[in-house]
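Each chain is listed here by its residues.
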Amino acid sequence: MIIREIEPAEYGELETFLYEAIYIPDGVPKPAQNIIERPELQVYVKDFGAHSADCGFVAEVDGQIVGACWARIMNDYGHIDDETPSLALSVLKDFRRRGIATALLNKFCARLIMKNFNQVSLSVQKENSAAVNLYRKMHFELVAERDGEYLMIKVLTA
């Protein structure tokens with residue numbers, strides 16, 4: 001596995017990972033792929049790379065991108081303030097539970113520290129226990145609860 005910064009030619013791949021990041025409880029059918037065209041989801045990917053706070057890493061296995069972690073300052077579900085990037089993280093289903101998300105988060109947070117960010121935020125579905133446990137393990141703290149979601153932050157220290 002290789003964890004590396006996402007290249008501009010790969011920014012379009014973020015749409016795939018945005019779709020994969022949508023939590024679907026057991027027994028619920030997956031929404032159509034075009035759900036990511038909704039404005040509240042497009043904030044995660046539209047014109048990615050155009051803003052100085054945009055930052056992302058990918059995980060590659062045998063030449064295939066299997067995971068992505070990215071953030072930007074945006075008014076999304078995980079928005080805290082205009083100084084805190086909101087994070088998105090996704091690993092393809094067949095590659096989950098192999099430490100890829102942890103490796104992505106470690107590299108990603110180190111880069112945010114280098115970019116002089118003090119914290120990073122995210123929103124996660126309360127029912128998504130695997131993700132909630134991962135974020136807690138990675139020292140994200142619960143700061144608010146919203147309709148079915150936790151708002152979490154991680155304070156970044158060098």
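Residues numbered from 1 in each chain as written. Predicted model: local features only at pLDDT ≥ 70, side-chain atom pairs only at ≥ 80, totals over all residues. Heavy atoms only, no water.

A. Here's a closer look at the pairing of strand E5 (residues 119–125). With 5 of 7 residues buried, E5 lies mostly within the body of the structure. The pairing of E5 with strand E7 (residues 149–155) spans 7 bridges and is antiparallel. Residue pairing in the sheet places Gln119 in a bridge with Val155 of E7. (Buried < 20%, exposed > 50% of the residue type's maximum accessible area, 1.4 Å probe, protein only. Helix = DSSP H or I, 4+ residues; strand = E, 2+ residues; numbered from the N terminus. Pairing = 2+ DSSP bridges.)

B. Region of interest: the packing of aromatic side chains. Tallying each qualifying case throughout the model produces 2 aromatic pairs. On the numbers, 5.1 Å between centres and 85° between planes, the contact of Tyr11 with Phe48 is edge-to-face. Of this pair, Tyr11 sits in the loop between strand E1 (2–5) and helix H1 (14–21) while Phe48 is found in the loop between helix H2 (39–42) and strand E2 (55–61), placing the two residues 37 residues apart along the sequence. Taking the relative accessible area as the measure of exposure, Tyr11 reaches 24% and is therefore partly exposed. Ring centres of Tyr135 and Phe140 lie 5.4 Å apart, and the angle between their planes is 65°; on these two criteria the pair is classed as edge-to-face. Judged by its relative accessible area of 7%, Tyr135 is buried. Over the aromatic face of Tyr150 sits the side chain of Arg136, whose NZ or CZ is 5.7 Å from the ring centroid. (Phe/Tyr/Trp six-rings, centres within 6.5 Å; stacked < 30°, edge-to-face > 60°. Lys NZ or Arg CZ within 6 Å of the ring centre and 35° of its normal.)

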